[in-house]
Amino acid sequence: MKIERPRGTRDFLPEEMEKRREIERKMRKIAELYGYREIQTPTFEHLELFTLKSGEGIIEEIYAFKDKGGRNLALRPELTAPVMRMFVNECSVMPKPLRFYYFANCFRYERPQKGRYREFWQFGVELIGSSSYLADAEVISLAYDIMENLNLKFDLHIGHVGLLRLLLKDVEENVASKIMRLIDKKDSKGLEDYLNTISIDRDLEGKIYDIIELIGDRSIIEDAKGIIPNFDFEYIEKLCDCLDSIDVKYNLDFGIARGLDYYTGVVFEAYAKEGLGAQNQICGGGSYRLAHLFGVDTPSTGFALGFDRIAEICELQAEKPKVVAIVAFKGLENEAFKISRIVREAGVDAIVDVMQRSLKKQLSYANDIKADFAIIVGEEELKQKSVAIKDLKTGEQKIVKIDELRDYLKSV
RNA sequence: GCCCGGAUGGGGUAGUGGUUAUCCUCUGGGACUGUGGAUCCCAGGAGCCGGGUUCGAAUCCCGGUCCGGGCCCCA
C-alpha cells in the first residue's frame, strides 16, 4: 500500500536541501554578525499560548489536539509567541537587550497554494528590551542585509501603526479592528463599503483614505503631518535618518496595518517583486508588546522571513564539494574500504561501491553521480602500494602511492 | 471551508467505451570477468481512490484524495 504525503507537506530531495541549507547558512551568518544567538522552542505548545496572542478564532487555522492526558496542545503556527513565552519563563532577568534568532518549522491548517504550505519554515529574530528607534533600525537593517545578500529582488515598506491607531482612538474597538484588517488587506473597495455602512465622521473617513494612500519616500511625512498634526513624528524621522545613513532602501507606507493590537509602533514588510504570485510577502516584522500577555511588559522588535518563499525565488546554487568514487575489482572490496578512509581523512567525500558490481558498472555509476575522480583499486597497483586515480572530466589517469594519496588529493 | 482546472510506470508522455495500454527517460542485468560517458539486447515498473452507468470503464457520471490557480485567512 502506497502512502502519500499529507496535504500541504513536502519532501525535499538532496539538491533542494543543499540549496535550502546554503540559504539557511547565510541567514544564520548575518544574524550572528549582528550578535544574535540561536534559540529553539518546542514544536508544540499549550494551545492557550496562541489563543492568548491571536484570539479564539485562530483555532480554526491551527493544528490543535488533545494529548493522552487531556491537555489542549497545538503545533506552533509561528514563533513570536513561543519566543516571548520562553523569554518570560526563563530570560526576564537577563541583561537587556536580548538578541535571539530562530530557524524552525511551523504548522498552519490552511489551503495550500504557491508559496503556502501546511508545514513551512520561518527564519526570524527578536530584539527584546528596547523601545528605541534604534531597535527598529537594527532589526530592519538585519532583515535588509539578509535579503540583499541572497540577491532577492524586493520592496521594503515601513509604516507605523500609531498613525491609524491615533485616528481611530475614539472609534469603537471592534469597528476599529475591522477597519484595520481591511486596510491590512489593501481592500480599498471593502473598506469603502464598510465605512459607508457605519456612521463614521466624514472628516475622519477622509483622513483614513488620505493616510493609507501615503506611500513613498520620507517626504510623505510632511503630508502626514498635515493630516494628523497631533501625532509625534520624531520617532519616524529619527528612524529614517538612521536607515538613510546606512543606505537601506525603503518606502514609507502608512497603509501597513496589522489586525492584531500588540503591534505598537513601526511595522515593516517586504514583498518579492517577481516569482511568487499572490503570496509574495517574504518578510514581516515590527515592534510589539506581547510579553505582558504572559506577565512581563517588555518592548520588543522582530521579524520573520518566509523561508520557503525565499528558497523558491532565490537563484543561489550551493557549491558542490569534491567527490571521489572508490572503485575496486572483485575481491578487493575491503581494500577499497581502507582507501576510502584515507580519502575521507584528507577531507574529501569518498563513495565506495556497496553493490559488488563490475568495474565497468562502478565507473559508470561514478560518472552518473558526477564524481570528480575515481580511485581504482587493483592487484597491479596494490603490489606497488599504489592506486590509480582517474580524472573523470579529462579521462587522465595516474598512479599514486597510497602514502602520498592524502597530499595528492589536497593538491587537486 | 468555498470556486475553477488537473491527475496514465520513479520522471516526462501518447491514445482509446472493446484483444496484451504507446513512446522516451529511468532502474537492474547482459553483450564486455583491468577502466565511465556511446550503441545494442533482455528484464522491471502505470491509467489517484471508492462507488455508479454499461455486456464491457483507464475513458462517461458522482463522491473523496492530492496538485496548480484564486477566495477566506495571513499570527
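Calculation rules
- Residues numbered from 1 in each chain as written.
- Chains lettered and ligands numbered in written order.
- Predicted model: local features only at pLDDT ≥ 70, side-chain atom pairs only at ≥ 80, totals over all residues.
- Heavy atoms only, no water.
- Near = heavy atom within 4 Å.
- Polar contact = N/O pair within 3.5 Å; in protein donor to acceptor, adjacent residues only side chain to side chain.
- Helix = DSSP H or I, 4+ residues; strand = E, 2+ residues; numbered from the N terminus.
- Pairing = 2+ DSSP bridges.
- Contact = heavy atoms within 4.5 Å.
- Axes fitted to C-alpha atoms, helices over the stretch in contact; angles between N-to-C directions.
- Salt bridge = Lys/Arg side-chain N within 4 Å of Asp/Glu carboxyl O.
- Buried < 20%, exposed > 50% of the residue type's maximum accessible area, 1.4 Å probe, protein only.
- Core = buried A, V, L, I, M, F, W, Y, C linked by side-chain atoms within 4.5 Å.
- Patch = residues over 30% accessible without salt bridge, like charges linked within 9 Å, V, L, I, M, F, W, Y side chains within 5 Å.
- Areas by Shrake-Rupley, 256 points an atom, 1.4 Å probe, with all protein chains shown as cover.
- 1 Å grid on protein atoms, 1.4 Å probe; cavity = no way out; pocket = protein on both sides within 12 Å on 5 of 7 lines; lining within 4 Å.
- Points joined across faces, edges and corners; volume = space filled by probe spheres on them.
- Nonpolar A, V, L, I, M, F, W, Y, C, P; charged D, E, K, R; others polar.
- Domains from an automatic or database assignment.
- Lys, Arg positive; Asp, Glu negative; His and termini not counted.
- Phe/Tyr/Trp six-rings, centres within 6.5 Å; stacked < 30°, edge-to-face > 60°.
- Lys NZ or Arg CZ within 6 Å of the ring centre and 35° of its normal.

Q: Would you mind going over the protein's contact with RNA strand B with me for this structure?
A: Near RNA strand B lie 36 residues; those nearest to it are Lys 53, Lys 114, Glu 380, Glu 381 and Leu 392. Between RNA strand B and the protein, one listed contact pairs a phosphate oxygen with a side-chain N or O atom of Arg 7 at 3.3 Å. A distance of 2.9 Å separates a phosphate oxygen of RNA strand B from a polar atom in the backbone of Gly 8. Contributions of two or more residues to the surface near RNA strand B are made by α2 (47-54), α13 (359-368) and α14 (379-383).

Q: Looking at this model, I keep getting lost on the sheet that holds strand β7 (residues 154-160). Mind explaining?
A: Hydrogen bonds between backbone groups are what pair the strands of a sheet, and the pairing can be parallel or antiparallel. Reading across the sheet, the nine strands line up as β1-β5-β6-β12-β11-β10-β7-β9-β8 and stay open at both edges, with mixed pairing between neighbours. Edge positions in the sheet fall to β1 (37-38) and β8 (215-216), since each has one partner strand and no second. Strands in contact with helix α1 (residues 14-33) are β1, β5 (98-107), β6 (119-128) and β12 (300-306); relative to β5, the strand with the most contacts, it is inclined by about 160 degrees.

Q: How should I be thinking about the pattern of salt bridges in this particular structure?
A: Opposite charge on two side chains makes pairing possible when the charged atoms of those side chains draw close. By the definition in use, this model includes 28 salt bridges. The salt bridge partner of Arg 28 is Glu 24, with a shortest N-O separation of 2.8 Å. Of this pair, Arg 28 and Glu 24 both sit in helix α1, separated by four residues, roughly a single helical turn. In this structure Arg 28 comes out as buried when scored by relative accessible area, which is 18%. Notably, a salt bridge pairs Asp 372 with Lys 393, separated by 2.7 Å at the nearest N-O pair. Of this pair, Asp 372 sits in the loop between α13 and β15 (373-377) while Lys 393 sits in the loop between β16 (386-391) and β17 (397-401), and the two are 21 residues apart along the sequence.

Q: Teacher, can you tell me more about the nonpolar core here?
A: Generally speaking, nonpolar side chains in soluble globular proteins are found buried as a group. In this structure, Leu 156, Ile 158, Ile 211, Phe 254, Ile 282 and Phe 303 are the most contacted members of the largest nonpolar core, which totals 77 residues. Looking at which element gives the most residues to this core, the answer is helix α4 (residues 133-149), with nine residues. Residue contacts for Leu 156: discarding those within four places in its chain leaves Ile 140, Tyr 144, Val 248, Lys 249, Tyr 250, Asn 251, Phe 268, Glu 269 and Ala 270. Among the nonpolar cores identified, the runner-up in size contains 31 residues, and Leu 47, Ile 128, Ile 256 and Phe 294 belong to it.

Q: So what exactly am I meant to see when it comes to a nonpolar patch on the surface here?
A: A contiguous nonpolar patch, built from Phe 337, Val 354 and Met 355 and spanning about 340 Å² of accessible area, is present on the exposed surface. Positionally, Val 354 belongs in the loop between β14 (349-352) and α13.

Q: Even after reading the chapter, I still don't get the layout of surface pockets, so can you show me in this structure?
A: Where empty space is left in the structure can be found by rolling a water-sized probe over the atoms. Computed from the structure, the largest pocket encloses a volume of approximately 1600 Å³. The wall of the largest pocket is formed by 46 residues, among which Arg 108, Arg 116, Gln 122, Arg 258 and Gln 281 lie closest to the centre. Mapped onto the lining of the largest pocket, the elements with two or more residues apiece are α2, β6, α6 (173-184), β10 (263-272), β11 (281-288), β12 and α11 (307-313). Of all the elements, β11 adds the most residues to the lining of the largest pocket, at seven residues. Partitioning the lining of the largest pocket into residue classes produces 19 nonpolar, 13 polar and 14 charged. Computed from the structure, the second largest pocket encloses a volume of approximately 510 Å³. Surrounding the second largest pocket, 16 residues form its lining, Pro 14, Glu 15, Glu 18, Lys 320 and Pro 321 being those nearest its centre. Among the secondary structure elements, those contributing two or more residues to the lining of the second largest pocket are α1 and β14. In terms of residue count, the dominant contributor to the lining of the second largest pocket is α1 (four residues). Residue classes in the lining of the second largest pocket are distributed as seven nonpolar, one polar and eight charged. Both domains that meet at the lining of the second largest pocket, namely domain 1 (14-313) and domain 2 (323-411), each give it at least three residues.

Q: Would you mind showing me how to read the side chain of Asp 136 here?
A: As for its position among the elements, Asp 136 is in helix α4. The buried charged residue Asp 136 lacks any salt bridge partner; its closest oppositely charged side chain belongs to Arg 289, at an N-O distance of 11 Å. A distance of 2.6 Å separates a polar atom in the side chain of Asp 136 from a polar atom in the side chain of Ser 287. Ignoring anything within four residues of it in the chain, the contact list for Asp 136 reads Tyr 235, Leu 239, Val 266, Ser 287 and Thr 301.

Q: Please clarify how empty space enclosed by the protein should be interpreted in this entry.
A: On inspection of all chains with the given rule, the structure shows one cavity of 30 Å³ or more. A volume near 30 Å³ is recorded for the largest cavity. Lining the largest cavity, in full, are Ala 328, Glu 333, Ala 336, Phe 337, Val 352, Asp 353 and Gln 362. Here the lining of the largest cavity gets three residues from one element, more than from any other, and that element is helix α12 (residues 333-345). For the lining of the largest cavity, the residue count by class is four nonpolar, one polar and two charged.

Q: Hey, could you run me through the packing of aromatic side chains in this one?
A: Going through the model one piece at a time under the given rule, you end up with eleven aromatic pairs. With 6.4 Å between their ring centres and 45 degrees between their planes, Phe 103 and Phe 123 make a pair best called tilted. With Phe 103 in strand β5 and Phe 123 in strand β6, the pair connects residues that are 20 residues apart, well separated along the chain. For Phe 103, a relative accessible area of 12% corresponds to the buried category. Residue Phe 123 is classed as buried on the basis of its relative accessible area, which comes to 0%. Taken together, a centroid distance of 6.5 Å and an interplanar angle of 85 degrees make the contact between Tyr 133 and Tyr 235 edge-to-face. Placement of Tyr 133 in helix α4 and of Tyr 235 in helix α10 (residues 234-245) is noted, with a sequence separation of 102 residues between them. Aromatic ring contacts, followed pair by pair, group Tyr 101, Phe 103, Phe 123 and Phe 307 into a single cluster. Cation over ring: Arg 10 sits above Tyr 117, and NZ or CZ is 3.5 Å from the ring centre. For the cation-ring pair, Arg 118 lies above Tyr 109, with the distance from its terminal atom to the ring centre recorded as 4.1 Å.

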